[in-house]
Amino acid sequence: MYKAIVNKYIKDVNSGKVLVCEWVKLAIKRHEQDLLREDIYFDENAATKFLKFSALCKYTKGELASQGKNIELTPQQVFRYWVLMGWHNSNGKRRFRKVYFEVARKNGKSEEAAILCAYLLLVDKEFGAEIYTAATSYKQARLVFDAARVMLKTLAQDSDKIKALLTIGKFNVSILDTNSKIEPISANDDKQDGLNPHGAIVDEYHAHQTSDLLEVIQTGMGSRSQPLLFIITTAGFEKQYPCYSQE
């Protein structure tokens, strides 16, 4: 099912039926060219596994959340995670470790980030996984964390197996069996010392005056076999801030 959605999306973009920016066109071109390579490989099962998981997650805010609706990804979103979760290195680990995702407001970026947090915690089965939602302020960092917390809570309500695994607190969601957790952190948080992230969401990067927090997270990921850093942001105006070096 998901492969058909991706193939149609690629066809529609290449034909001009669907209008996208140059970066999306380049991502599609890279994906098509990489299918011919032998040093890396595409794992359809891994990509499908993530997308099936995302379909189990429910919206966390607004009318759709009040109706208990499951999240439905758009074809562009399906393509994004098909590529992100499907490509692997020859060692069997995920190829992509860093994502920069700039999008206009009210496009559900926090929900997407929450799905990733939930997946990394529940499905990756990384022992001692540390997953952080990070931002310049603790309040901002809580936005993605709270979405992930609500999402995991509803997943636990739907599944006794997940319910038995999770311990859901106000500022922490954890799995004791694997010593894994999701927590929010801010740029001035003393928790930065000794971070060993398996996954991290850096929210509203356009507001970060320095790259210090991002660098601490990236450095801490050095001992992980397939960490994932997901940088999400809306557009900003301070062109001297490090966000603009990512573009």
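Worth saying up front: this structure is predicted, and the values here are computed from it rather than measured.

**Here's the deal with the overall build of the chain**
The helix and strand inventory of the chain stands at 9 helices and 9 strands. Contacts spanning at least 24 positions in sequence make up 72% of the contacts within the chain whose residues lie at least 6 apart. Taken as a whole, the chain presents about 12900 Å² of accessible surface, with 51% of it coming from carbon and sulfur.

**Side note on helix α9 (residues 212-220)**
Turning to α9, its buried residues number three or more, namely Leu213, Leu214, Ile217 and Gly220. Each buried residue of α9 lies within a common arc of 135 degrees when the element is viewed along its axis, so the set occupies one face. Turning to α9, the residues buried within the fold contact β4 (130-135), β7 (180-186), β8 (197-203) and β9 (228-233).

**Side note on helix α7 (residues 138-158)**
For α7, built from 21 residues, the straight-helix expectation of 30 Å at 1.5 Å per residue is met to within 8% by its first-to-last C-alpha distance of 30 Å. Turning to α7, its buried residues are Ala141, Arg142, Val144, Phe145, Ala147, Ala148, Met151, Leu152, Thr154, Leu155 and Ala156.

**With respect to the side chain of Ser174**
Relative to the helices and strands, Ser174 resides in strand β6 (residues 173-175). Side chain to side chain, Ser174 and Asn172 meet in a polar contact 3.5 Å long. Contact partners of Ser174, with chain neighbours within four places excluded, come to Leu165, Leu166, Thr167, Ser180 and Lys181.

**A few points about the nonpolar core**
In terms of nonpolar packing, the biggest core is built from 58 residues, with Phe53, Leu122, Leu152, Leu166 and Phe230 touching the most fellow members. Per element, the largest residue contribution to this core is 10 residues, and it comes from helix α6 (residues 109-122). Residues in contact with Leu122, not counting those within four places in the same chain, are Phe53, Leu152, Leu155, Ile162, Leu165, Leu166 and Ile175. Counting residues in hydrophobic clusters, the runner-up holds 12 residues, among them Ile185, Ala200, Val202 and Ile217.

**Description of the packing of aromatic side chains**
Under the defined criterion, the tally for this structure stands at 8 aromatic pairs. Aromatic pair Phe50 and Tyr119: ring centres 4.9 Å apart, planes at 70 degrees, arrangement edge-to-face. Residue Phe50 is found in helix α3 (residues 44-56), and its partner Tyr119 is found in helix α6; the two are separated by 69 residues along the sequence. For the pair Phe50 and Tyr119, one class covers both residues: buried. Summarising the aromatic geometry, the rings of Tyr138 and Phe171 are spaced 6.4 Å apart at their centres and angled 50 degrees between planes, so their arrangement reads as tilted. Here Tyr138 is found in helix α7, whereas its partner Phe171 is found in the loop between β5 (166-168) and β6, with 33 residues between them in sequence.

**What to know about the confidence of the model for the chain**
Looking at the chain as a whole, its pLDDT mean stands at 89, while 87% of the residues score no less than 70. Taken element by element, the predicted model of the chain shows its lowest mean pLDDT in strand β3 (residues 98-102) (84) and its highest in strand β2 (residues 87-89) (98). Between residues 240-244, whose pLDDT stays under 50, and residues either more than four places distant or in other chains, the model counts 17 contacts.

**Focus: the sheet that holds β7**
In spatial order, the strands read β3-β9-β8-β4-β7-β6-β5; together these 7 strands make up an open sheet with mixed pairing. In this open sheet, the two edge strands, each paired with only one partner strand, are β3 and β5. Neighbour to neighbour, the strand axes of the sheet diverge by 15 degrees on average, direction disregarded. Both β6 and β7 contribute to a ladder of 3 bridges, which runs antiparallel. Note on β7: the bridge partner recorded for Val173 is Ile182.

**Some points on the pairing of β8**
Within β8, 7 of the 7 residues are buried, which leaves it mostly tucked inside the rest of the structure. Across 5 bridges, the pairing between β4 and β8 is parallel. Paired with Ile131 across the two strands is Gly199, which belongs to β8.

**Some remarks on unusual backbone geometry**
For Lys125, which is not glycine, the phi dihedral falls at a positive 55 degrees. On the basis of relative accessibility, which here comes to 66%, the residue Lys125 falls in the exposed class. Positioned with a positive phi, Asn179 is a non-glycine residue whose angle comes to about 55 degrees. Relative to the elements of secondary structure, Asn179 occurs in the loop between β6 and β7.

Here is what the cut-offs are and how they apply
- Residues numbered from 1 in each chain as written.
- Predicted model: local features only at pLDDT ≥ 70, side-chain atom pairs only at ≥ 80, totals over all residues.
- Heavy atoms only, no water.
- Helix = DSSP H or I, 4+ residues; strand = E, 2+ residues; numbered from the N terminus.
- Contact = heavy atoms within 4.5 Å.
- Areas by Shrake-Rupley, 256 points an atom, 1.4 Å probe, with all protein chains shown as cover.
- Buried < 20%, exposed > 50% of the residue type's maximum accessible area, 1.4 Å probe, protein only.
- Arc of directions from axis to C-beta.
- Expected span 1.5 Å × (residues − 1).
- Polar contact = N/O pair within 3.5 Å; in protein donor to acceptor, adjacent residues only side chain to side chain.
- Core = buried A, V, L, I, M, F, W, Y, C linked by side-chain atoms within 4.5 Å.
- Phe/Tyr/Trp six-rings, centres within 6.5 Å; stacked < 30°, edge-to-face > 60°.
- pLDDT = per-residue confidence, 0-100.
- Pairing = 2+ DSSP bridges.
- Axes fitted to C-alpha atoms, helices over the stretch in contact; angles between N-to-C directions.

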